[in-house]
Amino acid sequence: MNNIQDEIKKFESSKCEENNVFYQAMEEVIFSIAPLLESDEKYARHAILDRLVVPDRIIKFKVTWLNDKNEIQVNTGYRVQFNNALGPYKGGLRFHPSVNEGILKFLGFEQIIKNSLTGLPIGGAKGGSDFDPKGKSNFEIMKFCSSFMVELHKYIGSRIDVPAGDIGVGSREIGYLFGEYKKITSSYEGVLTGKPFMFGGSLMRPQATGYGVVYFTQTMLEIEGKESLEGKTCTVSGAGNVALHAIEKLQEIGAIVVSCTDSRGTIHDPRGVDLCLLKEIKLQKRGSLEGYIRVYPEAKYIPFEEYPEGAHAVWDIPCYAAFPCATQNELTDIDAQNLIVNGCVSVSEGANMPSTHKAINDFLSHKICFAPAKAANAGGVIVSEFEMAQNASMSKWSFEKVDEKLKLAMQQIVKRVALTARDYGVEGNYVDGANIAGFKRVADAMIAEGI
Ligand code: NDP
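Using the criterion set out here, one finds 23 salt bridges in the structure. Across the pair lysine 143 and aspartate 68 runs a salt bridge whose closest N-O atoms are separated by 3.9 Å. Here the residue lysine 143 occupies a position in helix H6 (residues 138-152), and aspartate 68 occupies one in the loop between strand S1 (57-66) and strand S2 (72-83), the gap between them amounting to 75 residues. The exposure class of aspartate 68 is partly exposed, given its relative accessible area of 44%. Ionic pairing is found between aspartate 262 and lysine 282, a salt bridge with its closest N-O pair at 3.0 Å. Of this pair, aspartate 262 sits in the loop between strand S8 (259-261) and strand S9 (265-268) while lysine 282 is found in helix H10 (residues 275-284), placing the two residues 20 residues apart along the sequence. There is no split in this pair, since aspartate 262 and lysine 282 are both buried. Within this structure, Asp40, Lys42, Lys440 and Asp444 form a network of salt bridges that share partners.

In structure tokens form, the structure reads like this:
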């Protein structure tokens, strides 16, 4: 009986969360694009907003697989194909117990605007499963990925929908997914991005989002007349793909990164974090950050539960620039106040929607340079598109070529966003600039393509 009650409670709470994050994302866009809608009635006449907020289709399926004890496990898989006005559906797959339809709708909706902002021919989608990769053996991960693809393969293709990685889905998982796709279809095509380099992956895909957010910030600070990141203290949250590569690029350009977080706690190392050790702990051993202070006892490890509710230790560390790179809603209004009081000049979102609505408003009203996720973390999808181009032409680009093209693409996004904000009377507001520029391109395509 208790179990059933627990299940009901779980369902109810996930239902709430489902609505919250999607509406949060939608509301932000709707408020932002008001000046565009007022200046041109064609968007209302073509009911663009009503059409854009409803996904083209939501595919939901059962994934059954055997664990290492030969017990049958059941998970739910999803693919939200949101909008393909600009190109094939494109967006990551997330494997995490919190995954539900609402979270994927929020991520897919954001992806439409983000992909549009890149100026590249890609539509918006997102997918994943409530499967928890934590604690699973390599073999279990492989078996889950195979079962997941048995269903997903019916809906994807290099000209239809090209998934990539996200939380819980890295090159290992993409490799297994690709292997199964190939086995089922006998087709060797660029149907997934984020593949290992040896069979069609692009150089620099793992680095792309983290490096991209730093390139974005450098250009934004320059445009806004602020000092560069060189020699400045920076705080980063997360210790996954995005965070580790943001740290790598920040260190490369001479910034001092003093923090990172995982789902259990925060590391604060005022001398600058040891990236090699972080990679060893998080990528090779897949362990907890607590291991860091065993090597550097003078650094601090702060478990989440030791911090007041609604605040996070990482955002209470004085810094010049902050980079939330872990997960959604990890930076609250209390955190925003702490950053502002401590003199932070710029906040760049590496993760998807890490700052709450109120936190963003606080940053904007205090004239903090704020780089929203849909613009700042577009580096990943940009290099994914480069991977599609390389696969289609059976070619391989050098690391330097990809890096150069990524840097240029990120700089172009910053300029596009800044100019759009200026043109619509909200100079310096990169949230509105990104929403208007991203919405406009996809909306104009939808109008041109008819209903
Ligand atoms: P990973 O799974 O590689 O890493 C996520 C990291 O965040 C992990 O270290 C995880 O800890 C940590 N984390 C999870 N929850 C929390 C929390 N509540 N507080 C603090 N830390 C937490 O994911 P990615 O780095 O790929 O993605 C991170 C974010 O960036 C996501 O929002 C994703 O959607 C977004 N993003 C990713 C892109 C990519 O190319 N990978 C592209 C664009 C956006 P633990 O190690 O304990 O699990």
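Okay, the sheet that holds strand S10 (residues 300-303) next. Spatial strand order, S8-S9-S10: 3 strands in an open sheet with antiparallel pairing. Each of the sheet's edge strands pairs with one partner strand only, and the pair in question is S8 and S10. Within the sheet, the average angular offset between the axes of one strand and its neighbour, ignoring direction, is 15 degrees.

A few words on the nonpolar core. By size, the foremost hydrophobic cluster in this structure holds 63 residues, and its most contacted members are Phe216, Leu229, Leu250, Phe323, Ile382, Leu406 and Ile413. When residues are assigned to domains, this core turns out to be shared by domain 1 (2-189) and domain 2 (208-371), each giving three or more. Residues in contact with leucine 229, not counting those within four places in the same chain, are Val214, Thr217, Gln218, Leu221, Cys234, Leu250, Ile253, Gly254, Ala255, Tyr320, Ala321 and Phe323. Counting 32 residues, the second largest nonpolar core, distinct from the first, contains Ile33, Leu104, Leu107 and Met446.

Here the protein chain is described as being made up of domain 1 (2-189) and domain 2 (208-371). When the buried surface of domain 1 facing domain 2 is broken down by residue, Gln24, Glu28 and Phe106 rank first, second and third, together holding 39% of it. Seen at the junction of domain 1 and domain 2, the total is 0 salt bridges. Counting across the domain 1 and domain 2 interface gives 4 residue pairs in polar contact (both at pLDDT 80 or more). Those elements that place two or more of their residues in the side of domain 1 that touches domain 2 are helix H1 (2-32) and helix H5 (101-117). Grouping the amino acids of the side of domain 1 that touches domain 2 by side-chain chemistry returns 6 nonpolar, 1 polar and 7 charged.

Once that is clear, we can look at the site of the ligand. Near the ligand you find 25 residues, and of these Arg94, Asp166, Thr209, Ser263 and Asn352 are the closest. Taking arginine 205, its side chain carries an N or O atom lying 3.1 Å from an oxygen atom of the ligand. Between the ligand and valine 242 there is a distance of 2.9 Å, counted from an oxygen atom to a backbone nitrogen or oxygen. Within the complex, the protein chains bury 83% of what would otherwise be the 890 Å² of accessible surface of the ligand. At the level of elements, helix H8 (205-223) and helix H9 (241-252) are the ones that each hand at least two residues to the shell around the ligand. Split into classes, the residues belonging to the shell around the ligand amount to 7 nonpolar, 11 polar and 7 charged.

Next up on the list: the packing of H8 against helix H15 (residues 379-392). Contact pair H8 / H15: the axes reach a minimum separation of 7 Å and the direction vectors enclose 145 degrees. The chirality of how H8 crosses H15 is right-handed. Facing Arg205, Ala208 and Thr209 of H8, the residues of H15 in contact are Gly379, Gly380, Val383, Ser384 and Glu387. The residue makeup of the contact of H8 with H15, split by class, is 2 nonpolar, 4 polar and 2 charged.

Within the fold, serine 202 resides in the loop between helix H7 (171-185) and H8. For serine 202, the residues in contact, after removing those within four places along its chain, are Lys195, Phe197, Val383, Glu387, Gln390 and Val402.

This part takes up the confidence of the model for the protein chain. As a note on interpretation, predicted positions should not be read in detail where pLDDT is low. When the pLDDT values of the protein chain are averaged, the result is 94; 96% of them are 70 or greater. Across residues 10-15, confidence stays below pLDDT 50; counting only partners more than four residues off in sequence or on other chains, it has 1 contact.

In this section: empty space enclosed by the protein. Considering all chains together, one arrives at 1 cavity of 30 Å³ or more under this definition. Approximately 60 Å³ is the volume found for the largest cavity. Along its surface, the largest cavity is lined by Glu28, Glu110, Glu349, Met353, Ile360, Phe370, Pro372, Ala373 and Lys374. Tallied by class, the residues present in the lining of the largest cavity amount to 5 nonpolar, no polar and 4 charged.

Parameters and conventions
All residue numbers here refer to positions counted from 1 along the written sequence of the relevant chain. Where local features are concerned, this predicted model is filtered to residues with pLDDT of at least 70; where side-chain atom pairs are given and counted, the filter is 80 or more; whole-chain, interface and lining totals use all residues. Excluded from the side-chain calculations are hydrogens and water; all other atoms, namely the structure's heavy atoms, are used. Whenever Lys or Arg places a side-chain nitrogen within 4 Å of a carboxyl oxygen from Asp or Glu, that contact is recorded as a salt bridge. Numbered from the N terminus, helices here are DSSP runs of H or I no shorter than four residues, and strands are runs of E no shorter than two. Think of it in three bands: with a 1.4 Å probe and only protein chains considered, a residue is buried below 20% of the maximum accessible area for its type, exposed above 50%, and partly exposed in between. At least two bridges found by DSSP between two strands are what make those strands a pair. Throughout, an axis means a line fitted to C-alpha atoms (over the contacting stretch in the case of helices), and angles, computed between N-to-C directions, take values from 0 to 180 degrees. Side-chain atoms within 4.5 Å link the members of a nonpolar core, which is a set of buried Ala, Val, Leu, Ile, Met, Phe, Trp, Tyr and Cys residues. Domain start and stop points were drawn from an automatic or database domain assignment. In this description, contact between two residues means that some pair of their heavy atoms is separated by no more than 4.5 Å. Once two parts are joined, some of their accessible surface, as seen by a 1.4 Å probe, is lost; buried area is that loss totalled over both. Side-chain atoms alone can form a polar contact between residues adjacent in sequence; in general such a contact is a pair of N or O atoms within 3.5 Å, and within protein one must be able to donate a hydrogen while the other accepts it. As a working rule, the residues Ala, Val, Leu, Ile, Met, Phe, Trp, Tyr, Cys and Pro are called nonpolar, Asp, Glu, Lys and Arg charged, and the rest polar, with Gly in that last group. If a single non-hydrogen atom of a residue is within 4 Å of a molecule or strand, that residue counts as near it. Computed with a 1.4 Å probe, the accessible areas rest on the Shrake-Rupley method; for each residue, only the protein chains presented here act as cover. Two helices cross in a left-handed way if the nearer one is turned anticlockwise from the farther one by less than a right angle. They cross in a right-handed way if the turn is clockwise. Confidence per residue, as judged by the predictor, is encoded in pLDDT with a range of 0 to 100. As defined here, a cavity is a set of points on a 1 Å grid over the protein atoms alone where a 1.4 Å probe fits but cannot get out. A pocket is an open set with protein on both sides within 12 Å along at least five of seven lines, and residues line them when an atom is within 4 Å of a point. Grid points are joined across faces, edges and corners, and a volume is the space filled by probe spheres set on the points.

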